[in-house]
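Fold and contact review
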Amino acid sequence: MSIAVAIILSVILIMALLVAAGVFTWVERRGLGFLQERLGPNRVGPFGFLQWVADTVKLLTKEDEVPPGGDAITFRLAPALAAIPVLAGFGVVAFGPGLSLAALDMGVIFILAMLALTVYAMVLGAWASHNRYALLGGLRAAAQMLSYEAFFGLSLMGVVMLAGSLSLGQIVEAQSGVWFFILQPVGCALFLLAGIAAAHRLPFDLQESEQDLVAGFMTEYSGMSFALFFLGEYLAVILVSALAVTLFFGGWLGPILPGPIWFGLKVGALALAFIWIRAILPRPRYDQLVGFAWKWGLPLALINLLLTGALVVLIGGRPG
Amino acid sequence: MSWGFAIWAATLAFAAAVMAVTRASAVHALLLLLASLLALGVAFFAMAANFAGVIQLLIYAGAVVAVFVFVVMTVDAGEAAMAREREMLRSAWRWPALFVGLSVIPILFGIGGGPMGEGAPAGADTRELGLLLFGDWGVATELVALMLIAGMIGVRHLGRNLGPRLRERGRE
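Residues numbered from 1 in each chain as written. Chains lettered and ligands numbered in written order. Predicted model: local features only at pLDDT ≥ 70, side-chain atom pairs only at ≥ 80, totals over all residues.

To continue, consider the overall build of chain A. Looking only at helices and strands, chain A has 14 helices and zero strands in total. The order of helices and strands in chain A, counted from the N terminus, is α-α-α-α-α-α-α-α-α-α-α-α-α-α. For the C-alpha atoms alone, the extent of chain A along its principal axes is close to 65 × 45 × 45 Å. Residue pairs in contact within chain A that sit at least 24 positions apart in sequence constitute 78% of those at least 6 positions apart. (Helix = DSSP H or I, 4+ residues; strand = E, 2+ residues; numbered from the N terminus. Contact = placed C-beta atoms within 7 Å.)

Take a look at the structure:
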């Protein structure tokens, strides 16, 4: 692929993702409305579908200023760090057989790395805001990221062992017989839990919990900067869903329909599950959240890894 | 990718690193350190060392600097601390800069005239790398891994229950 083609395809992918994130906000608000027995957005367009367009215009035209005492450069840079790494992560996602921008042979770790970088958006945004609530939110974000990052990667290493590859395409192809969520139920559950934390979604959104921290690290943000944080969050939900589908739910594999359609349907279903979880689960206390990661998440991921490794060697006689 | 990209990214990494040690604001210095590590990751990718590249992004840029930022943001640097830093920077950086400069010269000469190979650098398979690390270099890998135990002991020490001792100190 030449550089020019790669750039054009990247722009198309970014545009599609921006629209997908916008539509996802509408789906979430309508979904939450349904689950909470209220209407949700219903004024702009049919079923309120164009609400996200109206919101985008509103956010683009809103005043966006640096708070007094804040660090202007860092304050402006932080929201960009929320969205750009996640967009970069989509570069290695395999949407279908041979259908990815960059078929990196270690796409799994690349996506983990990109998701890890998003923590700087929250931490730096919090610090640059010159606000106590924001700073507390930033500290929570850093502690949560360090706690969950540890077993986020380990939880999916069982899949990597079974597939014998870190390439997303090869992992999907290895599931042509049986999907890995059947062989790796513990790994799948841990991955989804850590995925919610990595995407900073309820119930693991203590860095911005409005009941005790106003809006946490986003307290001082408005206009397009605020929108960029949200964009990063919604894109992260889609990216984590895409990664989960690839690793545990057979990626693009499925009968009759073309591969990319199957992939899109599965990612959509998992993203809906994120909304459902948000609607039904309360937030844990902050110490419970971090305690769970170190006392349960990490040991369980390590035990799962050990058992998977032993079984792979006993049954398959790998590696070699 | 190509050597051209690698040299470009490495130059950016070097420039960001130099700026990181000459900033008065600790958070700005950390941001530049982050930029330097990211650029280094890109340089690895450009040299087809994909594994080193993603590890650079995940471990160093993604986790290690996050810990630094976590600590620094809890310390109120303020204008007084920045003035002190500026005062120190006026003279303190000269000798370190000289030594770093001298050590960089051979690298620059290496880039200029060393055997770089033609076209794009050859990539390495992750499986081969893994087998090498846990095969031929197994002992060295295990020795490096042992260093993590020091971290574990440190965490155990810092995380010990200080409740009774703190209460005692309070009574004093």
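This is not the end of the story, as more comes after the structure.
For the rest of this paragraph, the subject is the packing of helix H6 (residues 132-155) of chain A against helix H14 (residues 286-316) of chain A. All names here are of chain A. One can describe the packing of H6 onto H14 by two numbers: an axis separation of 8 Å at closest approach and a directional angle of 15 degrees. In this view, H6 runs roughly parallel relative to H14, as classed from their interaxial angle. The two elements H6 and H14 cross, and the hand of that crossing is left-handed. Contacts between H6 and H14 involve Arg140, Ala143, Gln144, Ser147, Tyr148, Ala150, Phe151, Leu154 and Ser155 from the former and Tyr286, Leu289, Val290, Ala293, Trp294, Gly297, Leu298, Ala301, Leu302 and Leu305 from the latter. Among the residues forming the contact of H6 with H14, the class breakdown is 14 nonpolar, four polar and one charged. (Axes fitted to C-alpha atoms, helices over the stretch in contact; angles between N-to-C directions. Parallel < 35°, antiparallel > 145°, perpendicular 65-115°, else oblique. Left-handed = near helix turned anticlockwise from the far one by under 90°. Nonpolar A, V, L, I, M, F, W, Y, C, P; charged D, E, K, R; others polar.)

Residues and elements named next belong to chain A. Tracing the chain through its elements places alanine 143 in helix H6. On the basis of neighbour counts, which here come to 18 C-beta atoms within 10 Å, the residue alanine 143 falls in the partly exposed class. For the pair alanine 143 and methionine 106, spaced 37 residues apart in sequence, the C-alpha to C-alpha distance is 27 Å. (Buried ≥ 20, exposed ≤ 12 C-beta atoms within 10 Å, placed from the backbone.)

To continue, consider helix H4 (residues 107-117) of chain A. A large share of H4 of chain A lies buried, amounting to 11 of its 11 residues. Regarding H4 of chain A, the residues found buried are Gly107, Val108, Ile109, Phe110, Ile111, Leu112, Ala113, Met114, Leu115, Ala116 and Leu117 of chain A.

A word on the interface of chain B and chain A. Contact residues are listed per partner, giving 18 residues for chain B and 22 residues for chain A. When residues of the side of chain B that touches chain A are traced back to their parent elements, those giving at least two are helix H2 (26-46) and helix H3 (50-72) of chain B. It is H3 of chain B that contributes the most residues to the side of chain B that touches chain A, 12 residues altogether. Classifying every residue of the side of chain B that touches chain A by side-chain character gives 14 nonpolar, four polar and no charged.

It is worth spelling out the confidence of the model for chain A at this point. Taken over all residues, the pLDDT of chain A has a mean of 86, while the share at 70 or more is 99%. The lowest-confidence element of chain A is helix H11 (residues 210-213) of chain A, averaging 76 in pLDDT; the highest-confidence one is helix H10 (residues 185-198) of chain A, averaging 90. (pLDDT = per-residue confidence, 0-100.)

Before going further, it helps to examine the packing of helix H3 (residues 72-89) of chain A against helix H12 (residues 223-248) of chain A. Residue and element names in this part refer to chain A. Two numbers describe how H3 lies on H12: the axes approach to 7 Å, and their chain directions differ by 25 degrees. With respect to H12, the element H3 is oriented roughly parallel. The handedness of the crossing between H3 and H12 is left-handed. Of the residues in H12, those in contact with Pro79, Ala80, Ala82, Ala83, Val86, Leu87 and Gly89 of H3 are Ser225, Leu228, Phe229, Leu231, Gly232, Leu235, Ala236 and Leu239. Across the contact of H3 with H12, the residue classes tally to 12 nonpolar, three polar and no charged.

As a further point, take the confidence of the model for chain B. All names here are of chain B. On average, residues of chain B score 78 in pLDDT, and 81% of them are at 70 or above. When mean pLDDT is taken per element in chain B, H2 scores highest with 86 and helix H8 (residues 163-171) scores lowest with 66. In the model output, the complex is listed with pTM 0.83 alongside ipTM 0.76.

Residues and elements named next belong to chain A. With a phi close to 55 degrees, glutamate 37 is a non-glycine residue in the positive phi region. Structurally, the position occupied by glutamate 37 is in the loop between helix H1 (3-35) and helix H2 (51-61). Given 6 C-beta atoms within a 10 Å radius, glutamate 37 is considered exposed. One non-glycine residue, phenylalanine 47, lies in the positive phi region at around 55 degrees.

Turning next to the environment of phenylalanine 95 of chain A. Residue and element names in this part refer to chain A. When you line up the elements, phenylalanine 95 lands in the loop between H3 and H4. In this structure the C-alpha to C-alpha distance between phenylalanine 95 and alanine 189, which are 94 residues apart in sequence, comes to 23 Å. When residues no more than four places from it in sequence are discounted, the contact partners of phenylalanine 95 are Ser100, Trp252, Pro260 and Phe263.

Below, the discussion takes up the environment of isoleucine 182 of chain A. All names here are of chain A. One can find isoleucine 182 in helix H9 (residues 180-183). Taking the C-beta count within 10 Å as the criterion, isoleucine 182 has 10 such neighbours and is therefore assigned exposed. Taking the C-alpha atoms as reference points, isoleucine 182 and phenylalanine 248, separated by 66 residues in sequence, lie 8.1 Å from one another.

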